[in-house]
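Reading the structure
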Amino acid sequence: MASLSFVNVCKTYKNGLTVVKDFNLDIKDREFLILVGPSGCGKSMTLRMIAGLEDITSGELWIDGQLMNMTSPQSRDLSMVFQSYALYPHLTVYQNMAFGLKVHKVPKDEIEKRVGRAAEILHISHLLDRKPSALSGGQKQRVAIGSVIVRQPKAYLMDEPLSNLDAKLRSQMRVELAKIHRELGATIIYVTHDQVEAMTLGTRIVVMNSGVIQQAASPNDIYENPVNKFVAGFIGSPSMNFFPVWVARRGEKICLEFGKNKLIANEICSKRLVEDGYVGRRVYLGIRPEDFHEEGPEEQKILFDVEMKEVLGAEILFHGRINREEICVRLSPNVKAEPGERLPVYVDMDRIKLFDMDTEQNIIYV
Ligand SMILES: Nc1ncnc2c1ncn2[C@@H]1O[C@H](COP(=O)(O)OP(=O)(O)O)[C@@H](O)[C@H]1O
Ligand SMILES: [Mg+2]
């Protein structure tokens, strides 16, 4: 297995468009590294540069201490799974999975062992004699993943391998990929635009936007300490709510004011806001949907107009508006409010985030 290192990697097209900018990252052996970000942010491009399918315009890519910029894709010893998978229709599942190994002249009993093991991990042992035409979409995708994991490359590269599957299969495959990572002890670099996949699979997440790394950190750290408003809004579902608020001093207290709502900042936030000169200025207040509660002290209360509710069994999502800003609140199924009503909710002030109006950087780290 392998470690990888990017040093100031850039990718610019002939038309002058830069799609990956100054990418710096060290990927450790056995990491399950997730590249996540909105469509078009340069995830696939980054993966294709690792694979050698795209030239690097400037900067360096190192794999296991060797400079790779000029190395051919075949000589990099990496395996790649794409979003759309291709199986050979005239070959059985076994033959499909064995194909790459045969090409590389791996001995027959070794092929049998590896295909058998991969089939077991992916729960497709009973399908080995079938042709692809007799498989469901999810089964085909497993075979495609199988034909990649039978190889023992330095690292596996996966570009949205689950995005063509329905929701149930996706979540099953998510669990299986996590197991595969554990069992193979493999270095995996995995591209997705799905933040649930990112949060559940990654040992580390790299959030990208417009070709630039926004943050590289553990899933928990990304969630709890997003570096900026973009990361805070991208990771988490439903998304974090953002409100422009005034920072005001009211007697001893520092308040966050918007419309008729007035929230009293806790000690840590107050100290930071005062020290960094935010009193009298506007900031973005960020609150995740789960950080509202049905009960609480008066100074944590806000009122919002319910427009729609989604009853999800274990919880209810209330969508509505506060002043003109949209808001989504996650509450327990006991809450009886209906669309058209004005609902009081209480903000967990120890969990709020605050972002600078201009730079959109996080002001409060915990
Ligand atoms: N051959 C090309 N010429 C110019 N621009 C390209 C080319 N291929 C991709 N791009 C652009 O590069 C950007 C990054 O693409 P990509 O890495 O595929 O994004 P994603 O994060 O969705 O995987 C996009 O804006 C895309 O339009
Ligand atoms: Mg892509």
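Note that the structure is predicted; figures quoted are calculated from it, not measured. (Residues numbered from 1 in each chain as written. Chains lettered and ligands numbered in written order. Predicted model: local features only at pLDDT ≥ 70, side-chain atom pairs only at ≥ 80, totals over all residues. Heavy atoms only, no water.)

**Some words on the UniProt feature "domain: ABC transporter" (unreviewed entry) in the protein**
Stated precisely, the cut-off is as follows: UniProt positions are given in the numbering used here, feature names are shortened, and annotations may be inferred rather than shown by experiment. Segments assigned H or I by DSSP are reported as helices when at least four residues long, segments assigned E as strands when at least two residues long, and all are numbered from the N terminus.
In the numbering used here, UniProt assigns the "domain: ABC transporter" (unreviewed entry) feature to residues 4–235. With 36% helix and 25% strand, residues 4–235 has end C-alpha atoms that lie 25 Å from one another.

**Focus: the layout of surface pockets**
Stated precisely, the cut-off is as follows: Using protein atoms alone on a 1 Å grid, points that fit a 1.4 Å probe yet trap it form a cavity, whereas open point sets bounded by protein on both sides within 12 Å along at least five of seven lines form a pocket; residues with an atom within 4 Å of a point count as lining. Grid points are joined across faces, edges and corners, and a volume is the space filled by probe spheres set on the points. Asp, Glu, Lys and Arg are counted as charged, while Ala, Val, Leu, Ile, Met, Phe, Trp, Tyr, Cys and Pro are counted as nonpolar; the rest, among them Gly, fall into the polar class.
In this structure, the largest pocket occupies an estimated 890 Å³ of space. The wall of the largest pocket is formed by 30 residues, among which Ser79, Met80, Ser147, Val148 and Arg151 lie closest to the centre. Of all the secondary-structure elements, those providing two or more residues to the lining of the largest pocket are strand S6 (78–81), helix H2 (93–103) and helix H4 (137–149). When residues in the lining of the largest pocket are grouped by element, the largest group, five residues, is from H2. Tallied by class, residues from the lining of the largest pocket come to 19 nonpolar, eight polar and three charged.

**Looking at the site of ligand 1**
Cut-off, in case you're wondering: Only heavy atoms are used to decide nearness, and a residue is near a molecule or strand if one of them lies within 4 Å of it. Under the rule applied, a polar contact is a pair of N or O atoms within 3.5 Å (in protein, one hydrogen donor and one hydrogen acceptor; residues adjacent in sequence only if both atoms are side-chain atoms). Each accessible area value is a Shrake-Rupley result obtained with a 1.4 Å probe; residue values ignore everything except the protein chains displayed when judging cover.
Looking at ligand 1, the residues that line it are Tyr13, Leu17, Val19, Pro38, Ser39, Gly40, Cys41, Gly42, Lys43, Ser44 and Met45. With respect to ligand 1, the backbone of Gly42 contributes an N or O atom lying 3.0 Å from an oxygen atom. In isolation ligand 1 has 570 Å² of accessible area, and contact with the protein removes 60% of it. Residue contributions to the shell around ligand 1 peak at three residues, all from helix H1 (residues 43–51). The class makeup of the residues in the shell around ligand 1 is six nonpolar, four polar and one charged.

**Some points on H2**
As a reminder of what qualifies: Between buried and exposed lies partly exposed: a residue is buried under 20% and exposed over 50% of the maximum accessible area for its type, with that area taken using a 1.4 Å probe on protein chains only. Every residue pair with non-hydrogen atoms within 4.5 Å of one another is taken to be in contact.
All of the buried residues along H2 are Val93, Asn96, Met97, Ala98 and Leu101. Tucked into the core, H2 has its buried residues touching helix H3 (108–121) and H4. Once H2 finishes, Lys105 follows within two positions and takes phi at roughly 55 degrees, a positive value.

**Some thoughts on a nonpolar patch on the surface**
For clarity, the cut-off: Candidate patch residues must exceed 30% relative accessible area and have no salt bridge, after which like charges are joined if within 9 Å and Val, Leu, Ile, Met, Phe, Trp or Tyr side chains if within 5 Å. The salt bridge definition used is simple: a Lys or Arg side-chain nitrogen within 4 Å of an Asp or Glu carboxyl oxygen.
Together, Tyr88, Phe99 and Val103 make up an exposed nonpolar region whose accessible area comes to about 270 Å². Using a relative accessible area of 36% as the deciding quantity, one classes Tyr88 as partly exposed.

**Observations concerning the packing of H2 against H4**
Formally: Every axis corresponds to a line fitted to the C-alpha atoms, with the helix fit spanning only the stretch in contact, and the corresponding angles, defined between N-to-C directions, vary from 0 to 180 degrees. In this scheme the handedness of a crossing depends on how the near helix is turned from the far one: anticlockwise by less than a right angle means left-handed, clockwise means right-handed.
The interhelical angle for the contact between H2 and H4, taken along N-to-C directions, is 30 degrees, at an axis separation of 7 Å. Like other packed secondary-structure pairs, H2 and H4 cross with a definite hand, here right-handed. Between H2 and H4, the contacting residues are Val93, Asn96 and Met97 on the first element and Val143, Gly146 and Ser147 on the second. The residue makeup of the contact of H2 with H4, split by class, is three nonpolar, three polar and no charged.

**Quick look at the pattern of salt bridges**
Summed over all chains, the structure comprises 22 salt bridges. With its nearest N and O atoms 2.9 Å apart, the salt bridge here joins Lys309 to Glu338. Here the residue Lys309 occupies a position in strand S16 (residues 301–311), and Glu338 occupies one in the loop between strand S18 (325–331) and strand S19 (342–347), the gap between them amounting to 29 residues. Accessibility expressed as a relative area gives 24% for Lys309, which makes it partly exposed. A salt bridge links Glu326 to Arg321; the shortest N-O distance between them is 3.7 Å. Classification of Arg321 as partly exposed rests on a relative accessible area of 29%. Sharing partners across several salt bridges, the network here consists of Lys11, Arg48 and Glu54.

**A short note on the pairing of S18**
Our working definition: DSSP calls a pair of strands paired once it identifies at least 2 bridges connecting them.
Across seven bridges, strand S17 (residues 316–322) lies against S18 in antiparallel orientation. Looking across to S18, one finds that Gly320 is bridged to Ile327.

**Some details on the environment of Asn220**
Tracing the chain through its elements places Asn220 in helix H7 (residues 219–224). Through-space distance from the C-alpha of Asn220 to that of Ile205 is 9.6 Å; in sequence the pair is 15 residues apart.

**Overview of the state of the cysteines**
Spelled out, the test is: A pair of cysteine sulfur atoms is labelled a disulfide when the two atoms are within 2.5 Å.
Counted by the stated rule, this structure contains zero disulfides. Cys10 supplies the cysteine sulfur nearest to Cys41, a cysteine that is in no disulfide, at a spacing of 15 Å. Unpaired in terms of disulfides, Cys255 finds its nearest cysteine sulfur in Cys269, a separation of 12 Å. The buried category is assigned to Cys255, whose relative accessible area is 3%.

**Digging into H1**
Most of H1 sits inside the fold, with seven of its nine residues counted as buried. Buried within H1 we find Lys43, Met45, Thr46, Leu47, Met49, Ile50 and Ala51. Residue Gly52 follows H1 closely and has a positive phi angle near 90 degrees.

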